[in-house]
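# Report on the structure
This is what each chain is made of:
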Amino acid sequence: MAGLKLGHFTHPSVPTGCSVVLCEAGATAGVDVRGAAPGTRDTELLRPENTVQQVHAVLLTGGSAFGLAAADGVMRWLVERGQGFAVGQARVPIVPAAVLFDLWLHGADTAPDAAAGRAACDAASAQERSRGRIGAGAGATVGKLLGIERAMPGGVGMASVRIGGMTLAAMVAVNAVGDVVDPRGGEVLAGSLGSDGRPRSTVQALLDGERPGAALAGSATTIGIIATDARLTKAQATKLAQIAHDGYARAIQPVHTVMDGDVMFALATGTADIEGDMTLLGAVAAEVVARAVVDAVRPGR
């Protein structure tokens, strides 16, 4: 999408990393947090009534709360290039961020840090199309509610559509405690493994009498970004983020649990030079996000 660049940093020896979407010319942004165990930075300034009108990047990262340090590197990278909100003689890049939990696969000392954030910026490109277990999704897993030992890999997924002269695209890092299901037929694509080694429905297993495993609160989380090249206000971007969460609900079961910190950012670059049609964008936002969730476990599906 014109006006945006995507970059990933994947740790060379442990499963964690971060992913950054750069909007160096600025983009109007909104956010909606639905999970009960979120980890975020600078999301409050995205509320429509608050002063800042545009952001310069959005960061998705592993490492739980430790991974928020990667945003420091993104900010430094941007300010070195003259980007940021002017405050007197200084510039302060606006970089909202959200984390997912992958610390059970590594330690706090290997969580993404400022150097990781800088590396993701250095790698950013308008042509980046990689998905799966990279960047923020490197340590992602799904289907953990019945026990982490039954989990399957998650990852980063993407999807986009062109509609009404506008582009609408989504990128998600899927680390859900629940299963990823096909929104059309309900098939479990990745989730809790049964005794036969195949993914099965966590919700059905609970209904059949199985009990949750020993997963910890905050041990999961799906975080994502939905973006359009249309012009939106902050209020409209916030509404787009809210609607986009329905895509999580279509493709993840169960979703928004006490163990998930699910977050959705929305970006509007305005590079298409048209006013955003919220009726149209809202009607397809959840579909695009659901496709991105599926793409995270079945790239290219």
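For the structure itself, look to the data block above.
Throughout what follows, the structure given in this document is the object of discussion. (Residues numbered from 1 in each chain as written. Predicted model: local features only at pLDDT ≥ 70, side-chain atom pairs only at ≥ 80, totals over all residues. Heavy atoms only, no water.)

## So, the overall build of the chain
Across its full length, the chain carries five helices and 16 strands. The C-alpha radius of gyration of the chain comes to 18 Å, within 12% of the 19 Å expected for a compact globule of 301 residues. Each principal axis of the C-alpha atoms in the chain carries an extent, and together these give about 60 × 45 × 35 Å. Counting every position in the chain, which comprises 301 residues, the buried fraction comes to 58%. Taken as a whole, the chain presents about 11700 Å² of accessible surface, with 51% of it coming from carbon and sulfur. Charge separation in the chain, taken as the distance between the mean sites of 25 positive and 28 negative side-chain charges, equals 2 Å. (Helix = DSSP H or I, 4+ residues; strand = E, 2+ residues; numbered from the N terminus. Rg over C-alpha atoms; globule rule 2.2 N^0.38 Å. Buried < 20%, exposed > 50% of the residue type's maximum accessible area, 1.4 Å probe, protein only. Areas by Shrake-Rupley, 256 points an atom, 1.4 Å probe, with all protein chains shown as cover. Lys, Arg positive; Asp, Glu negative; His and termini not counted. Charge placed at Lys NZ, Arg CZ, Asp CG, Glu CD.)

## A look at the sheet that holds strand β15 (residues 252-253)
Spatially, β13-β12-β15 is the arrangement adopted by the three strands of the open sheet, whose pairing is antiparallel. Each edge of the open sheet is held by one strand with a lone partner, namely β13 (188-190) and β15. Note: strand β12 (residues 179-181) against β13, two bridges, orientation antiparallel. Note that in β13 the partner of Val180 across the bridge is Ala190. Here helix α5 (residues 278-297) sits on the sheet and contacts β12, β13 and β15; the angle it forms with β12, its principal contact strand, is near 115°. (Pairing = 2+ DSSP bridges. Contact = heavy atoms within 4.5 Å. Axes fitted to C-alpha atoms, helices over the stretch in contact; angles between N-to-C directions.)

## Some points on α5
Quick reminder: α-helices carry 3.6 residues per turn. Residues three or four places apart thus point the same way. Under the 1.5 Å per step criterion, the end-to-end length of α5 is 29 Å for 20 residues, consistent within 8% with the ideal 28 Å. At Val284, α5 shows its maximal bend, which comes to roughly 35°. (Expected span 1.5 Å × (residues − 1). Bend = angle between axes of the 7 residues up to and from the residue.)

## Considering the nonpolar core
A general trend in soluble globular proteins is that nonpolar side chains are found buried together. Core analysis: the largest hydrophobic core is formed by 38 residues, its most contacted members being Leu168, Ile226, Leu240, Val289 and Val293. Excluding anything up to four places from it in sequence, Leu168 contacts Ala159, Ser160, Val161, Ile226, Ala227, Thr228, Leu240, Leu281, Val284, Ala285 and Val288. (Core = buried A, V, L, I, M, F, W, Y, C linked by side-chain atoms within 4.5 Å.)

## Brief notes about the side chain of Thr167
Here Thr167 shows up in strand β11 (residues 166-174). Residue class for Thr167 comes out buried when judged on its relative accessible area of 17%. Within the structure, the side chain of Thr167 is placed 2.7 Å from the side chain of Arg162, a separation counted as a polar contact. Discounting residues that sit within four places of it in the chain, Thr167 has contacts with Met1, Val161, Arg162, Ala227, Thr228 and Asp229. (Polar contact = N/O pair within 3.5 Å; in protein donor to acceptor, adjacent residues only side chain to side chain.)

## So, a nonpolar patch on the surface
A cluster of nonpolar residues, Phe85, Val87 and Val92, forms a patch on the protein surface that exposes about 230 Å² of accessible area. One can find Phe85 in strand β5 (residues 85-87). (Patch = residues over 30% accessible without salt bridge, like charges linked within 9 Å, V, L, I, M, F, W, Y side chains within 5 Å. Salt bridge = Lys/Arg side-chain N within 4 Å of Asp/Glu carboxyl O.)

## A few points about the pattern of salt bridges
Between side chains of opposite charge, a pair can form as their charged atoms come close. Under the criterion given, the structure shown has 16 salt bridges. The shortest N-O distance in the salt bridge between Glu44 and Arg47 comes to 3.4 Å. For Arg47, a relative accessible area of 40% gives the class partly exposed. The partner of Arg291 in a salt bridge is Glu287, and the shortest N-O contact between them spans 2.9 Å. Separated by four residues within a single helix, Arg291 and Glu287 lie in helix α5, roughly one turn from each other. Arg291 gets classed as partly exposed once you look at its relative accessible area, which sits at 38%. Within this structure, Arg184, Arg250, Glu287 and Arg291 form a network of salt bridges that share partners.

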